[in-house]
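Observations on the three-dimensional arrangement
Spelled out from the first residue to the last, the chains are:
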Amino acid sequence: PGFSFTRISLNQDRIGEEVFRIISQQQHPYKSADLVIPAGPLRRGQSAGAPKYNPAEKKLAIAMYLKDHPTMRVARAGFLNNVQQMGYQAEVVGTPNGDDASFTEVVKTLLNMDVDGVAMWLAVPEAIRLVAGAGIPVVCLHAIAEEPERLGVRSNITEDPLAVAREVSAFFARQLQGRSGSIALTQSGDNLLETGITREFRRLMREACP
């Protein structure tokens, strides 16, 4: 489940073929690979390669369900890019499915990786207790943890469900002006954030598009 960085400088004129060569030569158990490219502006004399990591610096980890899903891969890349810019080391662990037991087992491997902080994409109580009980700070992303203080969650970092619902309902109201029909909704069955967004979205749509 470990994740490592390789520092590579690319010739701008050959970046397409170079990226393809790098990815195709990886001995990787999965069908895809992550390539993290620093997006900051370069000044004369700077290197385009990723900064070298000091092993003495802190290591941050992210734990994800469905970690190879296209949406999760975007979230992983954002996490890794920002951790890299802070000069820390990074680990990514996760499962290809949504099984709590297997997710908790994967999270358990972090205890042997000397991580200094863990970001949980979903708030699985047993996994949180496992990490927080070992004295490692835990923050939850996207999903809202129930009774976070009791579990040992340091922070919940989520979108405001009311704000999301307002923006989405306003968009649909504009698009559907003068028309009639129905809107299909999909959501996770066990995510308090998504449930809250859906509830508010339904209420607002009843007002905007009766």
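Coordinates for the structure precede this section.
For every chain, the first residue of the written sequence is number 1, and numbering continues from 1 onward in sequence order. Thresholds applied to this predicted model are a pLDDT of at least 70 for local features of residues and 80 or more for the giving and counting of side-chain atom pairs; totals over whole chains, interfaces and linings are not thresholded and use all residues. Calculated side-chain values reflect all of the structure's heavy atoms, with hydrogen atoms and water omitted.

What follows is about the environment of M64. Secondary structure elements are defined from DSSP: runs of H or I of at least 4 residues count as helices, runs of E of at least 2 residues count as strands, and each element is numbered from the N terminus. With respect to the secondary-structure elements, M64 resides in strand β1 (residues 59–64). Along the primary structure M64 and V107 are separated by 43 residues, whereas in three dimensions their C-alpha atoms are 9.1 Å apart. M64 has contacts with M72, A75, R76, V93, G94, T95, F103 and W121, leaving out every residue within four places of it along the chain. Two residues form a contact once any of their heavy atoms are found within 4.5 Å.

Before going further, it helps to spend a moment on the packing of aromatic side chains. For any pair of aromatic rings, geometry is given as the distance between the ring centres together with the angle between the planes. Here the aromatic set is Phe, Tyr and Trp, taking the six-membered ring for Trp, and pairing holds for ring centres within 6.5 Å; pairs whose planes are under 30 degrees apart are stacked, those over 60 apart are edge-to-face, and all others are tilted. Throughout the structure, instances matching the rule amount to three aromatic pairs. Measuring from ring centre to ring centre gives 4.9 Å for Y65 and F103, while their planes differ by 80 degrees; the resulting arrangement is edge-to-face. Taken together, the positions of Y65 in the loop between β1 and α2 (70–86) and F103 in helix α3 (residues 100–108) put the pair 38 residues apart, joining distant regions of the chain. Only protein chains enter the accessibility calculation, which uses a 1.4 Å probe; a residue is then buried when its area is under 20% of its type maximum, exposed when over 50%, and partly exposed in between. Taking the relative accessible area as the measure of exposure, Y65 reaches 7% and is therefore buried. When the centroid spacing of 5.9 Å and the interplanar angle of 70 degrees are considered together, the rings of F172 and F201 count as edge-to-face. In this pair, F172 sits in helix α6 (residues 161–175) while F201 sits in helix α7 (residues 192–208), placing the two residues 29 residues apart along the sequence. By the ring-pair criterion, three or more aromatic residues cluster together here, those being F171, F172 and F201.

Another point: the nonpolar core. Most often, soluble globular proteins have nonpolar side chains that are buried together. To qualify as a nonpolar core, a set must consist of buried Ala, Val, Leu, Ile, Met, Phe, Trp, Tyr and Cys residues joined through side-chain atoms within 4.5 Å. In terms of nonpolar packing, the biggest core is built from 37 residues, with F103, V107, L110, V118 and M120 touching the most fellow members. If you list the elements that add at least two residues to this core, you get β1, α2, β2 (89–94), α3, β3 (117–120), α4 (125–133) and β4 (138–141). Aside from chain neighbours lying at most four places away, what touches V107 is A63, M120, A127 and V131.

Here, a salt bridge means any side-chain nitrogen of Lys or Arg that lies within 4 Å of a carboxyl oxygen of Asp or Glu. For the coordinates displayed, the defined rule picks out nine salt bridges. The salt bridge involving E91 is made with K59; its shortest N-O contact spans 3.5 Å. Note that E91 is positioned in strand β2 and K59 in strand β1, a separation of 32 residues in sequence. Look at E91 and you get buried, because its relative accessible area is 8%. Judged by its relative accessible area of 16%, K59 is buried. One salt bridge connects E105 with K108, and the closest N-O pair in it is separated by 3.2 Å. Highlighted residues: E105 and K108, both in helix α3, separated by three residues, approximately one helical turn. With relative accessibility at 46%, the residue E105 sits in the partly exposed group.

Listing the buried residues of α3 in full gives F103, T104, V106 and V107. Looking down the long axis of α3, one finds its buried residues gathered within 160 degrees of arc, a one-sided arrangement. Turning to α3, the residues buried within the fold contact β1, β2, β3 and α4. For this quantity, the arc is that covered by the directions from the helix axis to the C-beta atoms.

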